[in-house]
Amino acid sequence: MDSSEALPPPPPIIPANFVPTKAESGKAPKTGKEESQSKFLPMVRRGVGTKGQKIQLLSNHFGVGVGIKDSFFFHYSVAMSYEDGNPVEAKGIGRKVIDKVYETYDELKNKNFAYDGEKSLFTLGSLKEKKMEFTVVLEDISSRRVGTHGDGHDSPSHGEKKRMRRQSQSKTIKAVISYAAKIPIQAIADALRGQDSEHFQEALRVLDIILRQHAAKQGCLLVRQSFFHDNPRNYTDLGGGVQGCRGFHSSFRPTQGGLSLNIDVSTTMVVKPGPVLDFLCENQNVKHPNLIDWTKAKRVLKNLRIKANNIEYKISGLSDNPCRTQKFSMKDGKDSNGEPRMTEITVYNYYKHHKGIELPYSADFPCINVGKPKRPTYFPVELCTLISLQRYTKALTNLQRAQLVEKSRQKPNERKEALAGSLRNSRYGNEPMLRSSGITIESDFTRVEGRILQPPRLVVGNEESFIPRGGRWNFNNKKLVKPMRLERWAVVNFSARCDTRFLCNTIKKCAEMKGIYINPPYQVFEEDGRSRRDPAPLRVERMYQLVKSKLPGPPQLLLCILPERKNSDIYGPWKRRSLADEGVATQCIAPTKINDQYITNVLLKINAKLGGMNSFLSMECAPSIPLLHNEATLILGMDVSHGSPGRSDVPSIAAVVSSRKWPSISCYRAAVRTQSPKVEMIQSLFKPVPSNDGTKDEGIIRELIMDFYETSNQRKPQQIIIFRDGVSESQFIKVLNEELVPIIEACKFLDEKWSPKFTFIVAQKNHHTKFFKDNAPDNVPPGTVIDSQICHPKNNDFYMCSHAGMIGTTRPTHYQVLHDEIGFSADDLQEIVHSLSYVYQRSTTAISIVAPVCYAHLAAAQMAQFIKFDELSETSSSHGGTTISGAVHVPQLPLLHQDVANSMFFC
């Protein structure tokens, strides 16, 4: 069907004065800069649910008392500069300066204050003056070290610059503390009663800063609101010179039950302390320092802190020359005029002859540079030791990530005991600022009432239906509800270890048990062993040439056996060639053990990719939730995947999956686009571009609405439910106005008379609220929902534990309903969310988050592999792209082939 006939023609251009349909949440007031440009604000709670069996639970929220409500926090801005007027920017200096001001001057002596380490200081009650200047002297951390006073040029044309030993220095710093604002503590009480207050978030920020300062005084590593002590019991080895460090997260949260302190176990990655050479050998997985790649070493060492000569320094780089030939200038007595006589000496000879230190390893290695670009300061690498509690911010390998997950798991009882111990050890009752402001923290976990929702009824083959138990089911003695016929398929084998005959026989046996008709594979294509050292794209190209030369036509499926289970470099090029160039469904496997269970799970994915259905909800046939059946309803899942930490050149991938074939809510397709690196808001939802006929929309939403229309008996959706992953609370207004608004615009562009109703829900996994059974060691049961006591006092939110937590402690999903024009009751919406956790075609368990969000994450991750192994310059030149504000060029993803574009290729 031609798309121009599918829907009424769009208007020539969107009206300049267009305003989206007003929701119950209302227009934003014209107060702040952001809000003045906002069309929507998050809605308020309409009510709570009542369905389900009640269960008493404990939560890791601890009640907070606010005693002195008529007091004020006074906010002061802090500016620091050196004698020459340049601002102090070095991290960690701020606390030292304020501590010195406290020791030296009386103005802060008798005052409890909270300092954030940077530009904000808070006191209870005002200081004597609105603006005060203090001058302090800090001893420099450098002390009698080998160094240079040259301009840093070491090329032969400049010659060696004169170098000398730097003397111990001290720095004079001026600190200016100026009054900025007054924050009433009463704002906390007002907000908890549901009264909006501009000072509430500021007051909470002060309380969080008090906790950070409290942890800093104990020598903790601070990572946002998490604190990590240097205690051997907290460390676990992840390999590669990286350790997991267990600590605690603490933050104040407004809840229906009042203010609470949310405490949770937290883990970060740190560099393994000890000799730098040991770390580099472990990091690069080499057995001897002679095998170290110093180019990689320079990247990983930059900005880490070391100890040398019992003094701490920050690494700025490595020397250009090895220790044996790297020279500097040192004093060597005085000349006839009494002036210091300078002599040039290598770093190696200085330590050997003047310090009496043998350097068996360092002679041929670069030196560690702890100086500035124009004034380097060198140490032999084997005299340098990495200090503890330094964050490792590079991307983890798959093995390290698996180790981290495995070793940071805790059973519910273990986690509960650890949290109680953390609160005891923190001794917040002794914190002067909390005590003087009347803030008290209870020692008992908050009691909450949850409700266990009944699992939905599932339909499988032969019109059989059943109700899963414990969030799990299996297909033993059951057939798939819509099995596909697999008649034309083949196997490509990049692995030398797989028994392909046994694999094919097991696939045929298991497929027949599930109702899938399957022919033997047309052929098993084995890779030529001589190709295994070639680049992955070349290996993929040769394999496809072989396949196309032997097969009579395009197969329904290519089963690809990868050589490595995780992170195979074949995966990305193979998926790209199959899905973008050839339009062939493909399933990649790397089996370590072939058995019926493994193959059945693979067949579930294959059946979904080929257009089949493994199971679906009986409610899709019967109108158990009238709101979904009386009106055509489209369900969207949206996610953005970013490159690994530190990679600002890798584009982000935005994925939106949409339901199709209404009234089905088990079948989906995806639209995926690249966008600017690290940008969280999806940029391509509505994308009007000039065309020969005026203006056309090339955005994601039009593509998905057209598909819904074509697969749902030419019906446009009258209701659109949007689930958005990965958005923090601070971005709620932004996501409503930068994503919901473009979605509405895309609908209006298709048909200006068409006004579907919208419900917009954010699904958050990255939070710190946990639930525990009272007096029971196991996790909360699947289907548990909590929408009272520890939820937001005003916003429309709830927690759902839809899955069976088999390992560790269950992490609930926090659903925040930001906008609801459809008008769901709390019970109906919670039942829809619960049911959407049972339609995930890849598994036979309820999952922890709604399936459309999970699918969006999978689609983004799989499409990211398309560009992962390309050089960005090559990708840019061959596939077009966009440049945002003159910044990084964003390569466009290749379009999926039309034969697979509508499939669940991501499943």
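Because the structure is predicted, anything quoted here is derived from the model rather than measured.

Q: Got a sec to walk through the nonpolar core? Specific residues and values, please.
A: One broad trend across soluble globular proteins is that nonpolar side chains are buried collectively. Core analysis: the biggest nonpolar cluster contains 85 residues, and L503, F723, Y815, L836, Y855 and F906 have the highest contact counts within it. At 10 residues, helix α20 (residues 851-868) tops the list of elements feeding residues into this core. Sequence-distant contacts of L836, defined by excluding residues within four places in its chain, comprise I635, I665, Y668, F723, V850, A851 and P852.

Q: Give a description of the sheet that holds strand β14 (residues 311-314) that names residues and reports values.
A: Strand order in the open sheet formed by 4 strands is β12-β20-β13-β14, with antiparallel pairing between adjacent strands. The two strands at the open ends of the sheet, each matched to only one other strand, are β12 (274-275) and β14. Sheet topology places strand β13 (residues 305-308) next to β14; 4 bridges connect them, and they run antiparallel. Its bridge partner lying in β14, A308 is registered against I311.

Q: Describe unusual backbone geometry, and please don't skip the residues or the numbers.
A: Following W662, the chain continues to P663 via a peptide bond in cis, the omega torsion being 15 degrees. Counting through the fold element by element, P663 comes out in the loop between β32 (652-659) and β33 (668-675). For K678, which is not glycine, the phi torsion reads 65 degrees and is therefore positive. Structurally, K678 can be placed in the loop between β33 and β34 (688-691).

Q: Run through empty space enclosed by the protein, naming residues and quoting values.
A: It is the rolling of a water-molecule-sized probe over the atoms that shows where space remains empty. A complete count under the given rule lists 6 cavities of 30 Å³ or more for this structure. Taken as a whole, the largest cavity encloses approximately 60 Å³ of empty space. Taken together, M619, E620, L628, H629, T633, W662, P663 and I665 make up the lining of the largest cavity. Among the residues forming the lining of the largest cavity, the class breakdown is 5 nonpolar, 2 polar and 1 charged.

Q: Explain the sheet that holds strand β28 (residues 557-561) to me, and be specific about the residues and the numbers.
A: With parallel pairing, the 4 strands of this open sheet are ordered in space as β27-β25-β28-β29. Looking along the sheet, the strands with just one partner apiece sit at the ends: β27 (524-526) and β29 (585-589). Across the sheet, the mean angle separating the axes of adjacent strands is 20 degrees when strand polarity is ignored. Sitting on the sheet, helix α14 (residues 571-582) touches β25 (489-493), β28 and β29, and the angle it makes with β29 is about 165 degrees. Along the sheet, helix α15 (residues 596-609) contacts β28 and β29; its crossing angle with β29, the most-contacted strand, is approximately 160 degrees.

Q: Describe the packing of aromatic side chains, listing the residues and the values that go with them.
A: According to the stated counting rule, one finds 20 aromatic pairs in the structure shown. In this structure, K130 is placed above the aromatic ring of Y179, and the distance from its NZ or CZ to the ring centre is 4.9 Å. Directly above the ring of F466 sits K478, whose terminal nitrogen or CZ lies 4.9 Å from the centroid.

Q: Account for helix α8 (residues 347-354), naming residues and giving values.
A: Since the α-helix advances by 3.6 residues per turn, residues separated by three or four positions end up pointing in the same direction. When α8 is considered as a whole, its buried residues turn out to be V347, Y348, Y350 and Y351. Of the surrounding elements, those touching the buried residues of α8 are β16 (327-334), β17 (340-346), β18 (366-369) and β19 (378-379). One or two positions beyond α8, positive phi appears at G356, with a value near 70 degrees.

Q: With reference to specific residues and values, describe the side chain of Q816.
A: Within the fold, Q816 resides in strand β41 (residues 813-820). Here Q764 takes part through its side chain, which lies 3.3 Å from a polar atom of the side chain of Q816. Apart from residues no more than four positions distant in its own chain, Q816 is found in contact with E729, F732, F760, I761, V762, Q764, N796 and D797.

Q: Quick one: what's the story with the packing of helix α6 (residues 276-283) against helix α7 (residues 294-301), residue by residue and with numbers?
A: Geometry of a packed helix pair, given as the angle between the helix axes and the separation of the axes. The interhelical angle for the contact between α6 and α7, taken along N-to-C directions, is 110 degrees, at an axis separation of 11 Å. One finds that α6 runs roughly perpendicular with respect to α7. Between α6 and α7 the crossing geometry is right-handed. Residue-level inspection shows V276, L277, F279, L280 and N283 of α6 in contact with α7, the latter providing W294, A297, V300 and L301. Split into classes, the residues belonging to the contact of α6 with α7 amount to 8 nonpolar, 1 polar and no charged.

Calculation criteria
Residues numbered from 1 in each chain as written. Predicted model: local features only at pLDDT ≥ 70, side-chain atom pairs only at ≥ 80, totals over all residues. Heavy atoms only, no water. Core = buried A, V, L, I, M, F, W, Y, C linked by side-chain atoms within 4.5 Å. Buried < 20%, exposed > 50% of the residue type's maximum accessible area, 1.4 Å probe, protein only. Helix = DSSP H or I, 4+ residues; strand = E, 2+ residues; numbered from the N terminus. Contact = heavy atoms within 4.5 Å. Pairing = 2+ DSSP bridges. 1 Å grid on protein atoms, 1.4 Å probe; cavity = no way out; pocket = protein on both sides within 12 Å on 5 of 7 lines; lining within 4 Å. Points joined across faces, edges and corners; volume = space filled by probe spheres on them. Nonpolar A, V, L, I, M, F, W, Y, C, P; charged D, E, K, R; others polar. Axes fitted to C-alpha atoms, helices over the stretch in contact; angles between N-to-C directions. Phe/Tyr/Trp six-rings, centres within 6.5 Å; stacked < 30°, edge-to-face > 60°. Lys NZ or Arg CZ within 6 Å of the ring centre and 35° of its normal. Polar contact = N/O pair within 3.5 Å; in protein donor to acceptor, adjacent residues only side chain to side chain. Parallel < 35°, antiparallel > 145°, perpendicular 65-115°, else oblique. Left-handed = near helix turned anticlockwise from the far one by under 90°.

So yeah, pure geometry; function would need other evidence.
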